[in-house]
Amino acid sequence: MIDPQSDLRLLLDDVQSAAHTDERRRLAGLLSHGLDSLADALRRQVAEVPLSWLAEYLQRRIHVIAWLLDHWDGPAPPHDAVVDGAQAHETLASLERMFADVKGDTDLRARLGWANGPLATGGSQQPFATTIDWPDEFETTLPVRGGLGFFLTEVLSNAMRHGAAGSMPDVTIRCDRVKRELAFRVENERRDERARDGSKYGGLALLTGMARLFGWREFSAGPDGVRFVVTWRAPLTRRDHPGKPD
């Protein structure tokens, strides 16, 4: 005997879950073989102008989105991408250039919903402040190339959207040599007391899911007085010195 309210429901849940997983994989394929090719063509066409970074940025984001769609409900995968301090510096420099470009375009800021935040007219010329303590001999790993840049972009975009007008978000990356980990902190002055979107598909849910897949510890995001603070910790490995005896 089948109880429609229990046994059949369990069967349908399994079928629906499998269907959703298959849909995500199909969408991942479309992103990889469709938009990814378009971004590559765009990059070649604008290689001689300053906007070439935009095509590369788009391509990296598409790659990470496709990866997330394929791994979202799975266990944390193995890491095969290495990120060092120099890459972190360049990532933040690229984001600083991007936000500076947006700041100078009133129409674009309005379309993105960033018109009344830190990029508002009359605020600081610098989009955000950065403090990095990441020694050359340390590196961290990720399961997907471009993951750190994607994550930082999401966090800073939220700061630009919800931060107080004319304020300056702060990005701090600090090396804890004893625990062998990086402590990340991104904070901004809040514009108002409105609660953040609690949707399971919203921005904070995306960051929480990414932190889990990346193996990052102690991820948190929420108000702290008049500021909104996002923190997480990433394990570090010490790079072997080439030419030294083992």
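Scroll up to find the structure this text is about.
Broken down by element type, the protein chain carries six helices and eight strands. Secondary structure elements of the protein chain occur, N-terminal to C-terminal, as α-α-β-α-α-β-β-α-β-β-α-β-β-β. Going through the 246 residues of the protein chain one by one, you find that 38% of them count as buried.

What follows concerns the sheet that holds strand β8 (residues 237-238). Strand order in this open sheet of three strands is β1-β3-β8, and the pairing throughout is antiparallel. Across the chains shown, the open sheet's two edge strands, defined by having one partner strand only, are β1 (81-84) and β8. The pairing of β1 with strand β3 (residues 138-142) spans four bridges and is classified as antiparallel. Following the sheet pairing, Val82 is matched in β3 by Thr141. On top of the sheet, helix α3 (residues 85-103) reaches β1 and β3; it is set at about 75 degrees to β1, its chief contact.

Taking 1.5 Å of rise per residue, the 19 residues of α3 would be expected to cover 27 Å, and the 27 Å separating its terminal C-alpha atoms lies within 8% of that figure. A distance of 3.3 Å separates the backbone nitrogen of Ala86 from a side-chain oxygen at the start of α3, and that oxygen is part of Asp84.

This part takes up the pattern of salt bridges. Here the structure, examined in full by the defined rule, presents 10 salt bridges. Glu137 is the salt-bridge partner of Arg238, the closest N and O atoms lying 3.7 Å from each other. Taken together, the residues span a long stretch of sequence, with Arg238 in strand β8 and Glu137 in the loop between β2 (129-133) and β3 at a distance of 101 residues. According to the relative accessible area criterion, Arg238 is partly exposed, its value standing at 42%. Residue Glu137 is classed as partly exposed on the basis of its relative accessible area, which comes to 24%.

Spatially, five strands are ordered β2-β4-β5-β7-β6 in an open sheet, and the strand pairing comes out mixed. A single partner strand is all that each edge strand has here, and the edge strands are β2 and β6 (217-224). Going across the sheet, the axis of each strand differs from the next one's by a mean of 10 degrees, ignoring polarity.

Quick look at the side chain of Thr153 now. Mapped onto the secondary structure, Thr153 falls in helix α5 (residues 147-162). On the basis of relative accessible area, Thr153 is assigned to the buried category, the value being 3%. Not counting residues up to four positions away in its chain, the partners in contact with Thr153 are Tyr57, Arg61 and Leu95.

Definitions and limits used
Residues numbered from 1 in each chain as written. Predicted model: local features only at pLDDT ≥ 70, side-chain atom pairs only at ≥ 80, totals over all residues. Heavy atoms only, no water. Helix = DSSP H or I, 4+ residues; strand = E, 2+ residues; numbered from the N terminus. Buried < 20%, exposed > 50% of the residue type's maximum accessible area, 1.4 Å probe, protein only. Pairing = 2+ DSSP bridges. Contact = heavy atoms within 4.5 Å. Axes fitted to C-alpha atoms, helices over the stretch in contact; angles between N-to-C directions. Expected span 1.5 Å × (residues − 1). Polar contact = N/O pair within 3.5 Å; in protein donor to acceptor, adjacent residues only side chain to side chain. Salt bridge = Lys/Arg side-chain N within 4 Å of Asp/Glu carboxyl O.

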